[in-house]
Amino acid sequence: MRSLAFLFLALTAGCAGMTKPPVDAPPSAARTAKAPAEKKPAPKAPATPAPAAPATPASAAPAAAAPAAKAGAAPHLDLKGLEQRLKDTSAIGIFTKLALKNQVDDLLAKFRTYHDGRKPPTLADLRPNYELLIMKVQSLIQKDDPALADDVARSREVIWGVLADKSKFTSI
Amino acid sequence: MHARIPALLAVAALLALPSFAADDAAIRKDLTAVIALHGLSCGEVTQAERKGDNDYVATCKDGSKYRVYTKDGRVVVERQ
């Protein structure tokens, strides 16, 4: 009987120790259920840079700025580049690639009509068609080729600028 | 020696199975995407039957069937 009471005490003492980690983990309750081992580094990661930043502000700032600068300075895709990247990606199959090419060609034909001076279509008509096609491309590749999806998103306005400008369009 | 051949063939067949399954999954995914690109309802292609070069009949989760093939450099999707 005493040994049982001792065991109960030991168990409760153990549980009291166990309650500490979940206290600082309520925001990621779902994660704790999935992978308790993975949870530990997650809170540590944001915690460590915070003290490090005031300690070494000069070294921390360039380190943080470098990836941001890289992301901002990443080159935009032109139409040829986009075409090549879409050809090369393994995120979509051959039928999808050909169907996308068909739709790009159809849209380019509409732009040719516009630049030839025949209306419709107007530029306002073409913009939704262009946006829809970009959205289709992004939705098709974003899961298996997120880098390309990101590049497409960043190049959207640049490509539109080429399509909408007659002199740039004719030089494609 | 001869007794080993069927066993080796069985092992080879077992090793080949996943690649066939992967190819099938890839073509089903491709057909699903191309049907969606054409604005047709399907959900997901559950079965793809090859009819010829770049010519498939896709059976969708919702029961609809489409023939997907290429003609003159264009992908054609026809409801069956």
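Note that the coordinates shown come from a computational prediction; the quantities given were computed from them, not determined experimentally.

## So, unusual backbone geometry
Residues and elements named next belong to chain B. Of note, Asn-54 is a non-glycine position whose phi angle comes to about 50°, a positive value. With respect to the helices and strands, the residue Asn-54 is situated in the loop between β1 (45–52) and β2 (55–60). With a phi angle near 55°, Asp-72 is a residue other than glycine that sits in the positive phi range. With respect to the helices, strands and loops of the structure, Asp-72 is situated in the loop between β3 (65–71) and β4 (74–79). According to the relative accessible area criterion, Asp-72 is exposed, its value standing at 75%.

## A look at the interface of chain B and chain A
Counting from both sides, the interface comprises 17 residues of chain B and, opposite them, 14 residues of chain A. Carbon and sulfur atoms supply 61% of the area that chain B and chain A bury against each other, a total of about 1,200 Å² over both sides. For chain B, the biggest contributors to the area lost against chain A are B:Asp30, B:Leu37 and B:Arg74; these three give 49% of the whole. Counting the contacts that link chain B with chain A gives two salt bridges. Remark: the boundary between chain B and chain A carries nine residue pairs in polar contact (both at pLDDT 80 or more). Elements represented by at least two residues in the side of chain B that touches chain A include exactly α1 (4–37), β2, β3 and β4 of chain B. Broken down by element, the residue count for the side of chain B that touches chain A peaks at seven residues, all from α1(B). Here the residues of the side of chain B that touches chain A sort into nine nonpolar, four polar and four charged.

## Remarks on the pairing of β1(B)
Taken residue by residue, a regular strand's side chains alternate between the two faces of the sheet. Residue and element names in this part refer to chain B. As judged from the six bridges shared by β1 and β2, these two strands associate in the antiparallel manner. Among the inter-strand pairings, Ala-48 is bridged to a residue of β2, identified as Ala-58. Where β1 folds back on β2, the antiparallel hairpin that results is connected by two residues, among which Asn-54 adopts a positive phi of roughly 50°.

## Describing the side chain of B:Ser64
Residue and element names in this part refer to chain B. By secondary structure assignment, the location of Ser-64 is in the loop between β2 and β3. Among the polar contacts listed, one links the side chain of Ser-64 to the side chain of Asp-62, at a separation of 2.5 Å. Not counting residues up to four positions away in its chain, the partners in contact with Ser-64 are Ser-41, Cys-42, Ala-58, Thr-59 and Arg-79.

The rules behind the values
Each chain carries its own residue numbering, running from 1 in the written order of its sequence. Key to labels: chains lettered from A, ligands numbered from 1, both in the order written. Note on the predicted model: pLDDT of at least 70 is required for a residue's local features to be given, and 80 or more for side-chain atom pairs to be given and counted; whole-chain, interface and lining totals, by contrast, use all residues. Side-chain metrics rest on all non-hydrogen atoms present in the structure, leaving aside hydrogens and water. The way it works is that DSSP assigns letters per residue, a run of H or I at least four long becomes a helix, a run of E at least two long becomes a strand, and they are numbered from the N terminus. Working definition: with a 1.4 Å probe on protein chains only, accessible area under 20% of the residue-type maximum means buried, over 50% means exposed, and in between means partly exposed. Contacts between residues were defined by any pair of non-hydrogen atoms, one from each residue, lying within 4.5 Å. We define buried area as the total accessible area lost by two parts upon association, computed with a 1.4 Å probe and summed across both. We define a salt bridge as a contact between a side-chain nitrogen of Lys or Arg and a carboxyl oxygen of Asp or Glu at a distance within 4 Å. Nitrogen and oxygen atoms within 3.5 Å of one another constitute a polar contact, given that in protein one can donate a hydrogen and the other can accept it, and given that sequence-neighbouring residues count only through two side-chain atoms. Each residue gets one label: Ala, Val, Leu, Ile, Met, Phe, Trp, Tyr, Cys and Pro are nonpolar, Asp, Glu, Lys and Arg are charged, and the others, such as Gly, are polar. Note on pairing: two strands pair once DSSP finds at least 2 bridges between them.

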